[in-house]
Amino acid sequence: MLQGSGGGISMQFFKLAAVALFFMMQFNVERAVSQEVDGVGDQEEVSRDEVDEGEDYGVIFLFGSINDKSINFLMQTINNMQKRDVDRIWLIINSGGGTVESALSFYNMVQSFDVKLDTYNVGQASSAAAMMFLSGERRVMAPNSYFMIHDITTNAGTVDEYGLKNKLELMNSLQNAYTRIYSKETGITLERVRKLMRDVTYLDEKSCMEMNFCTEVSYAELPKESFYASVSEDGATYVFPIR
């Protein structure tokens, strides 16, 4: 198994939690196939996301805070999967956000990936995690999940006049970058994106579909034979042996 940095007890707990999470998700997939989603069509059943049997998959769980450490472990994991000729990676997200620059760097890196990346929001993709979600070629939201965007914020700390000016310039630059990307990925005008961010906008799966923040609503059928990994700021752990 591959294992990143982190204390023995915390990493053991992290690994066990990831295994338990996988089986919980498998159970929820089986249970949810016959369920209906309120507000997504009229009496439409939620379909499973079909697996292409001709492709080799990697599945990565990214739960928790987005920061330089978690992105570093995520990039290492994706690189390891690419070396093993994985065709498509499913990045399964449940995160309240984190560091703006870290999420932006991941989005930029994805543009040069050889492997295809799909993102799945199984709980929330909020704040910086919204940028992670928009990195996917396909962006799938599970029923009852949500998505949130807001203006860039910072902790000014103890700074002088010039330090504060520099922070404001950085915030403005990041604000413009996020606005451009949201507009590009959804087709929404820059002006409307800015308003959505200023208003601190929460969207359910139906609203995300209507506004093109996601491309579909579905429970994912996880491939049985794949590379499975779980990533956090504590490290990256392969949950199951490579086949």
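Computed from a prediction, not measured in an experiment: that's the story for all the values here.

*Asks:* Please explain the confidence of the model for the chain as it appears in this structure.
*Replies:* A low pLDDT score tells you not to read the predicted coordinates there in detail. Taken as a whole, the chain shows an average pLDDT of 80; of its residues, 75% reach a score of 70 or greater. Between residues 1–46, whose pLDDT stays under 50, and residues either more than four places distant or in other chains, the model counts 69 contacts.

*Asks:* Sorry if this is basic, but what is going on with empty space enclosed by the protein here?
*Replies:* Where empty space is left becomes clear once a probe the size of a water molecule has been rolled over the atoms. All told, the structure shown has 1 cavity of 30 Å³ or more when counted by the stated rule. Roughly 60 Å³ of internal volume is contained in the largest cavity. Val100, Ser127, Ala128, Ile149, His150, Ile152, Tyr178 and Tyr182 together form the lining of the largest cavity. In terms of residue class, the lining of the largest cavity is made up of 6 nonpolar, 2 polar and no charged.

*Asks:* Honestly, the pattern of salt bridges in this entry has me stumped. Any pointers?
*Replies:* As a working rule, side chains carrying opposite charge can pair if their charged atoms are close by. Applying the stated criterion to the full structure yields 7 salt bridges. A salt bridge links Asp151 to Arg194; its shortest N-O distance comes to 2.8 Å. Remark: Arg194 occurs in helix α6 (residues 190–198) and Asp151 occurs in the loop between β6 (146–149) and α5 (161–186); sequence separation between them is 43 residues. For Asp151, a relative accessible area of 22% gives the class partly exposed. Overall, Arg194 belongs to the partly exposed group, its relative accessible area being 22%. In this structure, a network of salt bridges that share partners links the residues Arg88, Asp118, Arg138 and Glu216.

*Asks:* Looking at this model, I keep getting lost on the packing of α5 against α6. Mind explaining?
*Replies:* When two helices pack together, their arrangement is captured by the angle between the axes and the distance separating the axes. Running from N to C, α5 and α6 point in directions that differ by 120°, and their axes come no closer than 9 Å. Crossing geometry of α5 relative to α6 is assigned as right-handed. Residue-level contacts link Gln175, Tyr178, Thr179, Arg180, Tyr182 and Ser183 of α5 to Leu190, Val193, Arg194 and Met197 of α6. Broken down by class, the residue content of the contact of α5 with α6 amounts to 5 nonpolar, 3 polar and 2 charged.

*Asks:* Honestly, the side chain of Ser127 in this entry has me stumped. Any pointers?
*Replies:* By the element assignment, Ser127 lies in the loop between β4 (116–126) and α4 (128–133). You can call Ser127 buried: its relative accessible area is 14%. A distance of 2.7 Å separates the side chain of Ser127 from the side chain of His150, its partner in a polar contact. Not counting the four nearest positions on each side in its chain, Ser127 is found in contact with Gly96, Gly97, Met148, His150 and Tyr182.

*Asks:* Is there a simple way to explain the packing of aromatic side chains in this structure?
*Replies:* The geometry of an aromatic ring pair is captured by the separation of the ring centres together with the interplanar angle, meaning the angle of the planes. As enumerated under the stated definition, the model contains 9 aromatic pairs in all. Taking 4.8 Å as the distance between ring centres and 35° as the angle between the ring planes, the aromatic pair formed by Phe147 and Phe213 counts as tilted. Here the residue Phe147 occupies a position in strand β6, and Phe213 occupies one in the loop between α7 (205–210) and β8 (216–217), the gap between them amounting to 66 residues. A residue is classified by how much of its surface remains accessible, and Phe147, at 0% relative accessible area, is buried. Relative accessible area serves as the criterion here: at 0%, Phe213 is assigned to the buried category. Joined through ring pairs, the aromatic side chains of Phe133, Phe147, Tyr178, Tyr182 and Phe213 make up one cluster.

Basis of the calculations
Residues numbered from 1 in each chain as written. Predicted model: local features only at pLDDT ≥ 70, side-chain atom pairs only at ≥ 80, totals over all residues. Heavy atoms only, no water. pLDDT = per-residue confidence, 0-100. Contact = heavy atoms within 4.5 Å. 1 Å grid on protein atoms, 1.4 Å probe; cavity = no way out; pocket = protein on both sides within 12 Å on 5 of 7 lines; lining within 4 Å. Points joined across faces, edges and corners; volume = space filled by probe spheres on them. Nonpolar A, V, L, I, M, F, W, Y, C, P; charged D, E, K, R; others polar. Salt bridge = Lys/Arg side-chain N within 4 Å of Asp/Glu carboxyl O. Helix = DSSP H or I, 4+ residues; strand = E, 2+ residues; numbered from the N terminus. Buried < 20%, exposed > 50% of the residue type's maximum accessible area, 1.4 Å probe, protein only. Axes fitted to C-alpha atoms, helices over the stretch in contact; angles between N-to-C directions. Left-handed = near helix turned anticlockwise from the far one by under 90°. Polar contact = N/O pair within 3.5 Å; in protein donor to acceptor, adjacent residues only side chain to side chain. Phe/Tyr/Trp six-rings, centres within 6.5 Å; stacked < 30°, edge-to-face > 60°.

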